Amino acid sequence: MTIFKTENDRSTEDKLALAQIVEIVTGGDMPLRFTAYDGSAAGPEDSPYGLHLASPKGATYIATAPGDLGMARAYISGDLQAKGVHPGNPYELLASLGDLHFERPPARILAQIARSLGTELLKPIAPPPQEHLPRWRRIAEGLRHSKSRDAEVIHHHYDVSNEFYEYVLGPSMTYTCAVFESENQSLEDAQENKYRLVFEKLRLKPGDRLLDIGCGWGGMVRYAARRGVKALGVTLSKEQAEWAQKAIAEEGLSELAEVRHSDYRDVPEGGFDAISSIGLTEHIGVANYPAYFRFLHSKLRVGGLLLNHCITRPTNNTRAKAGGFIDRYVFPDGELTGSGRIITEAQNIGFEVMHEENLREHYALTLKGWCEYLEKHWEACVAEVGEGTARLWGLYMAGSRLGFERNVVQLHQVLAVKLGDDKKPQTPLRPWWVA
């Protein structure tokens, strides 16, 4: 006769400590010190970096959403604490994790882990308030990449607080990859250099008309207007548009510059000399690339130039949706592909691609600068948006920096021109900008 023991009947020796569970699911190779509220510990005692699981709530987050999402929930809520780094810049801790990955133990061990955690810790709980809805629930906000749903996800990320972004981004208020002349160049100078590079690639001159889509706080618009170009920017973020219009007025650029709170697809004007798209393509969806490039092509005069600047993957044979953490906390509905796919789609609707370059090392340096700003202004950022949101941004930016350094993601600028029906060349024989 087989007797099934209840959980209370089982020997206490069968119960695993939290640190033991961590060692099991990570293959026993913890590169840093892990400690938990039950008093258990794992990993090298002399490690300069560590993680402390401070509460049962944190254990529930990790157990009910294995992988980066659960870890992020516990970290953002303050129930998983980083040791040896500043929360605004946990880069060194993340780098020390190396290639740490979670393994699925055999069924028998999984059952032992479940018994050790107990039923209460395995009951899902509400995620931190910074988390967006899962993909399947966003249907209420409209079909993926519809105007209403795109507006909602942009609001989720960009309408955090203009004051918060001023602290994190610095005086340039530019939330896109800078272009560095050297690793020692300041972030502000590198952002100015990026706008200079885009301006020159687009062959802009006084009297020209520029459309800047996904314009953020209007940095490119104001840069062009200062040089006599009539520039129109559009953004789905109401707070960005208000900040940009105020900056335009304060600089005395209102006759040349405008930033609208609008979807780029609703721009009625046409015949532009140039279009810049700096950091928008990541949000539109790979399936929408043909419509995207066709729309931009329709807005240019013959000979007009397009500069498309966006994050990409290092390969073109996959279409990668964002992981759980990025999708729920940073860029809902974000989708990346390789630069080859972007070039192909632009060519397929009639653009002649003139040049492309990869700036991934520049984005790593940009993110380093943003993390340093967040750390420097930590108390003010926490006062503005709360500690959970500030911690989220530190985690996201430091992790993204690692992604660019390790070639998980890249940043490509693609320059293309609209040809006429006669297909005659529209640009000089050789590059006309200073790299």
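Numbers given for residues are sequential positions, taken from 1 along each chain in its written order. Side-chain atom pairs in this predicted model are given and counted only at pLDDT of 80 or more, local residue features only at pLDDT of at least 70, and totals for whole chains, interfaces and linings cover all residues. Excluded from the side-chain calculation are hydrogens and water; included are all heavy atoms of the structure.

Caption draft 1: Here's a closer look at the sheet that holds strand β4 (residues 80-83). Between any two strands, at least two bridges found by DSSP are needed for them to pair. Put simply, DSSP H or I for four residues or longer makes a helix, DSSP E for two residues or longer makes a strand, and each gets a number counted from the N terminus. Strand order in the open sheet made by the four strands is β2-β1-β3-β4, with mixed pairing throughout. A strand with exactly one partner marks an edge of an open sheet, and here the two such strands are β2 (41-42) and β4. Pairing between strand β1 (residues 33-36) and strand β3 (residues 50-53): four bridges, direction parallel. Its bridge partner being in β3, Arg 33 is matched across the sheet by Gly 50.

Caption draft 2: Quick peek at the packing of aromatic side chains. Put simply, two rings from Phe, Tyr or Trp (the six-membered ring, in Trp's case) pair if the centres are within 6.5 Å, and we call them stacked under 30 degrees between planes, edge-to-face over 60, tilted for the rest. The full count for this structure, using the stated rule, is 19 aromatic pairs. On the basis of an interplanar angle of 70 degrees and a centroid distance of 5.9 Å, the ring pair of Phe 164 and Tyr 165 is categorised as edge-to-face. Relative accessible area decides the class of each residue, using a 1.4 Å probe on protein chains only: under 20% of the type maximum gives buried, over 50% gives exposed, and in between gives partly exposed. In this structure Phe 164 comes out as buried when scored by relative accessible area, which is 0%. Three or more aromatic residues joined by ring pairs make a cluster, and in this case those are Phe 164, Tyr 165, Tyr 175, Trp 217, Tyr 363, Trp 370, Trp 393, Tyr 396 and Phe 404. Counted as over-ring charges are cases with an Arg CZ or a Lys NZ within 6 Å of the ring centre that also lie within 35 degrees of the ring normal. The lysine or arginine in question, Arg 209, covers the ring of Phe 272, its NZ or CZ lying 4.3 Å from the ring centre. Cation over ring: Arg 227 sits above Tyr 223, and NZ or CZ is 3.5 Å from the ring centre.

Caption draft 3: Spatial organisation of helix α8 (residues 187-201). Expected span, for any helix, means 1.5 Å times one less than how many residues it has. A rise of 1.5 Å per residue sets the reference length of α8, with its 15 residues, at 21 Å; its end C-alpha atoms lie 21 Å apart and thus fit the reference within 8%. Counting buried positions along α8 gives eleven out of 15 residues, so the element sits mostly inside the fold. Listing the buried residues of α8 in full gives Leu 187, Ala 190, Gln 191, Asn 193, Lys 194, Tyr 195, Arg 196, Leu 197, Val 198, Phe 199 and Lys 201.

Caption draft 4: Quick peek at the environment of Glu 103. With respect to the helices, strands and loops of the structure, Glu 103 is situated in the loop between α4 (91-97) and α5 (107-121). Looking at Glu 103, the relative accessible area reads 39%, which means it is partly exposed. Taking the C-alpha atoms as reference points, Glu 103 and Val 25, separated by 78 residues in sequence, lie 5.0 Å from one another. The contact criterion used is simple: two residues touch if any of their non-hydrogen atoms lie within 4.5 Å. Leaving out residues up to four positions away in the same chain, Glu 103 has contacts with Ile 24, Val 25 and Gly 27.

Caption draft 5: Examining the packing of helix α15 (residues 378-385) against helix α16 (residues 387-405) more closely. Only C-alpha atoms enter the line fits that serve as axes; for helices the fit covers just the stretch in contact. Angles between N-to-C directions range over 0 to 180 degrees. For the pair α15 and α16, interaxial distance at closest approach is 7 Å and the crossing angle is 125 degrees. Taken together, the axes of α15 and α16 lie oblique to each other. In this structure, α15 contributes Trp 378, Val 382 and Val 385 to the contact, and α16 contributes Glu 387, Thr 389, Ala 390 and Arg 391. For the contact of α15 with α16, the class distribution of residues is four nonpolar, one polar and two charged. Under this scheme an angle from 65 to 115 degrees is roughly perpendicular, one under 35 degrees roughly parallel, and one over 145 degrees roughly antiparallel; angles in between are oblique. When residues are grouped by polarity, Ala, Val, Leu, Ile, Met, Phe, Trp, Tyr, Cys and Pro land in nonpolar, Asp, Glu, Lys and Arg in charged, and all others, Gly among them, in polar.

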